[in-house]
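What follows is each chain in one-letter form.
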Amino acid sequence: MSLTRREWLRAAPLATLPLFAGRTAARIQEPGGAGLIVRQQMPTNLETPLSGLVPWKTPNELFYVRSHFAVPKIDTQNFKLTVAGHVGNPLELSMKDLGALPAVTKPLLLECAGNGRVYLTPAASGLQWGSGAVGNAEWGGVPLGAILERAKVKPGAVDVVLVGGDSGAVSGAASSTGSFHFDRSVPLAKAQRDECRIATSMNGEALTPSHGAPLRAVIGGWYGMASVKWLSKIIITDRPYTGLWQTDHYAYQVRRNDLPELVPVTIIQAKAIITSLGLNDTVMAGKPTTISGKAWAGEHQVAKVEVSTDGGTTWGAAKLANDDKPFTWCDWSFTWNVPAAKGPAKLVVKCTDDKGNTQPATRDVDRRSYLINHLVPLDVLVR
Ligand SMILES: Nc1nc2c(c(=O)[nH]1)N[C@H]1C(S)=C(S)[C@@H](COP(=O)(O)O)O[C@H]1N2
Ligand SMILES: [Mo]
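Per chain, residue numbering runs from 1 following the sequence as it is written. Working convention: letters from A go to chains and numbers from 1 go to ligands, in the order in which they are written. With the structure being a predicted model, the display of local features is reserved for residues of pLDDT at least 70 and the display and counting of side-chain atom pairs for 80 or more, all residues being used for whole-chain, interface and lining totals. Only hydrogens and water are removed before side-chain values are computed, so all heavy atoms of the structure are retained for them.

The immediate surroundings of ligand 1 are formed by 20 residues, with Tyr64, Asp166, His211, Arg216 and Lys229 found nearest. Here a polar contact is taken to be a pair of N or O atoms separated by no more than 3.5 Å, where protein atoms must pair a possible hydrogen donor with a possible acceptor and residues adjacent in sequence count only if both atoms sit in side chains. One of the side-chain nitrogen or oxygen atoms of His68 is found 2.7 Å away from an oxygen atom of ligand 1. For ligand 1, an oxygen atom lies 2.6 Å from a polar atom in the side chain of His211. Here the Shrake-Rupley method, with its probe set to 1.4 Å, supplies the accessible areas, and only the displayed protein chains count as covering residues. Calculation on ligand 1 without its partners gives an accessible area of 540 Å², and the protein chains cover 100% of this total. By the criteria applied, helices consist of DSSP H or I runs no shorter than four residues and strands consist of E runs no shorter than two, each listed in order from the N terminus. Those elements that place two or more of their residues in the shell around ligand 1 are strand 3 (65–66) and strand 8 (159–168). Note on definitions. A residue lies near a molecule or strand when any single heavy atom of the residue is within 4 Å of it.

Pairing of aromatic rings covers Phe, Tyr and Trp, the last through its six-membered ring, and needs centres within 6.5 Å; plane angles under 30 degrees mean stacked, over 60 mean edge-to-face, and all others mean tilted. One pass over the structure, following the stated rule, counts 7 aromatic pairs. Taken together, a centroid distance of 5.5 Å and an interplanar angle of 20° make the contact between Phe63 and Tyr64 stacked. A residue is classified by how much of its surface remains accessible, and Phe63, at 1% relative accessible area, is buried. Each residue gets one of three labels from its accessible area relative to the maximum for its type: buried under 20%, exposed over 50%, partly exposed in between, using a 1.4 Å probe on protein chains only. Among the residues examined, Tyr64 registers a relative accessible area of 6% and is labelled buried. Ring geometry for Phe69 and Trp245: centres 6.0 Å apart, planes at 85°, overall edge-to-face. You can see Phe69 sitting in the loop between strand 3 and strand 4 (80–85) and its partner Trp245 sitting in the loop between strand 13 (231–237) and strand 14 (251–256), a full 176 residues away along the chain. A relative accessible area of 8% means that Phe69 is categorised as buried. Clustering of aromatic rings is evident, with ring pairs tying together Phe63, Tyr64, Trp129 and Trp139. Placement of a positive charge over a ring is assigned whenever Lys NZ or Arg CZ falls within 6 Å of the ring centre and within 35 degrees of the normal to the ring plane. Over the ring of Trp329 we find Lys294; its NZ or CZ atom is 5.4 Å from the centre of that ring.

As a further point, take the nonpolar core. To form a nonpolar core, buried Ala, Val, Leu, Ile, Met, Phe, Trp, Tyr and Cys residues must be joined to one another through side-chain atoms within 4.5 Å. Residues Leu81, Leu144, Ile147, Leu162, Ile234 and Val265 are the most contacted members of the largest nonpolar core, which totals 51 residues. Formed by 26 residues, the second largest nonpolar core is a distinct cluster that contains Ala272, Ile291, Ala295 and Ala345.

Two faces make up the sheet, and in a regular strand the side chains alternate between them. Two strands are said to pair when DSSP picks up at least two bridges between them. Bridge count between strand 14 and strand 15 (residues 259–264): 6 bridges; the pairing is antiparallel. For Ala251, the partnering residue across the bridge sits in strand 15 and is Pro264. Between strand 14 and the antiparallel strand that follows it, strand 15, lie 2 residues; Asn257 among them carries a positive phi value of about 50°.

Strand order in the open sheet formed by 3 strands is 1-2-3, and the pairing between neighbours is antiparallel. Among the strands making up the open sheet, the edge pair consists of strand 1 (37–40) and strand 3. Relative to strand 3, strand 2 (residues 45–47) runs antiparallel, the two sharing 2 bridges. Bridged to Leu46 within strand 3 is Val65.

Take unusual backbone geometry next. Backbone torsion omega between Thr121 and Pro122 reads -5°, so that peptide bond is classified as cis. Turning to its location among the elements, Pro122 is positioned in the loop between strand 6 (104–111) and strand 7 (134–143). With omega at 5°, the peptide bond leading from Ala213 into Pro214 counts as cis. On the secondary structure map, Pro214 appears in the loop between strand 11 (205–206) and strand 12 (216–219). Despite not being glycine, Phe327 has its phi angle at roughly 80°, a positive value. Here Phe327 falls in the buried class, since its relative accessible area comes to 11%. Even without being glycine, Arg368 reaches a positive phi, approximately 55°.

Here we take up the pattern of salt bridges. Criterion for a salt bridge: a side-chain nitrogen of Lys or Arg within 4 Å of a carboxyl oxygen of Asp or Glu. Summed over the entire model, instances satisfying the criterion amount to 13 salt bridges. A salt bridge links Lys346 to Asp379; the nearest nitrogen and oxygen atoms lie 2.3 Å apart. Of this pair, Lys346 sits in strand 23 (residues 343–353) while Asp379 is found in strand 24 (residues 378–382), placing the two residues 33 residues apart along the sequence. You'll find Lys346 and Asp379 in the same group, each marked buried. A salt bridge links Lys355 to Asp354; its shortest N-O distance comes to 3.7 Å. A relative accessible area of 56% places Lys355 in the exposed class. Three or more residues are tied together by salt bridges with common partners; here these are Lys190, Arg193, Glu195 and Glu299.

Our focus in this paragraph is the sheet that holds strand 24. One open sheet holds the 5 strands; their spatial order is 17-24-23-19-20, and the pairing between them is mixed. The open sheet has two edge strands, strand 17 (282–283) and strand 20 (316–317), and neither has a second partner. As defined by bridge partners, strand 19 (residues 302–308) adjoins strand 20 across 2 bridges and the pair is classed as antiparallel. When the bridges of strand 20 are listed, Glu306 appears paired with Ala317.

Moving on, we come to the environment of His86. Examined against the element boundaries, His86 turns out to sit in the loop between strand 4 and strand 5 (91–94). According to the relative accessible area criterion, His86 is buried, its value standing at 18%. In this structure, the C-alpha to C-alpha distance between His86 and Lys154, residues 68 residues apart in sequence, is 5.8 Å. The contact criterion used is simple: two residues touch if any of their non-hydrogen atoms lie within 4.5 Å. If near-sequence neighbours (up to four positions away) are discounted, His86 is found in contact with Val153, Lys154, Pro155, Gly156, Ala157, Ile236, Thr237 and Asp238. Here Pro155 takes part through its backbone oxygen, which lies 3.0 Å from a polar atom of the side chain of His86.

Interpretation of this model should avoid reading the predicted coordinates in detail wherever pLDDT is low. Per-residue pLDDT for the protein chain has a mean of 90; in total, 89% of the residues score no lower than 70. What pLDDT conveys is the predictor's confidence in a given residue, as a value from 0 to 100. Note that pLDDT drops below 50 for residues 1–33; the model gives that stretch 68 contacts with residues more than four away or on any other chain.

As structure tokens, then:
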């Protein structure tokens, strides 16, 4: 969905404000009703509408779907998860074997590294996600660490490569011909942490095919690309893994000694969004109104959410409704004493985590088309 001409015109003067210079000037209004927003039919890529971001647990039928290939056909009866590589005890685990391991559930947030891509200027190629390639669910299954323990990972192990059962051709700089599986590695120390899961259920229901049935990884605190769906193999390496999905795709530039280097996208950056209002929604003049939304901070805790109702000039503190747990999100609210004067207003929200990381005012182009958490104002109308 792109901005209409009228929206562009309305948005244009904002680009002249120093705080928002050079960035997308308006949010995209999404249909607020039930149902996912189709970003791509094949492979299936679906975005959560604003209304679906309101509950703390995202309903399964409204949880965004991000798939690079068609859903693979997996015969669950005869399915085996392979665990191999730099291990003393290679494993072939059936769904029954996995079911016999102690099951635990944990709420973990997933956000696509390209969430918010539609707000980039100049426009970046890739799926044009608005704010809804994010969701929070209760994942049931076994800790990834429990499986690594059984496999007896050898000293000197470096990366844990999670391999999906889906595959196909890939376009991009480093990709040549042939077929690639979707895969992604996680350093051993991260993979052993409690927020890394092998999930078979989502919010108490069996995983659906589009979310990775029968088995997926969920890597809490990291962008979604590490949460490999249709998990078929776990390969432990004794050297850093440099697969396509962390070098060509899902990588961004960092500059050390003034030398740009591509590094894999990993930890989710702090972000807050408004869920109670959409683009060009109206609020009543002269009346206090409560604005609310969500905030999250990857591996860290949300420490502070601030709200500006004047396009970023002045800020006030929002109330955090629940104690944020790392790896999920928290609800925030803010009472806006809406002025009596009618006209347009620009709302901005900003999240700061407990390590002091906050949302940048301007977009860092070295992030390519990922890690999108710069401040984006929301235009509303006071009437
Ligand atoms: N096998 C496989 N796993 C995958 C993907 C994929 O295309 N294939 N997409 C990844 C990306 S980029 C994201 S953001 C999440 C999305 O998970 P969801 O579709 O359940 O929301 O899955 C990840 N796991
Ligand atoms: Mo993603």
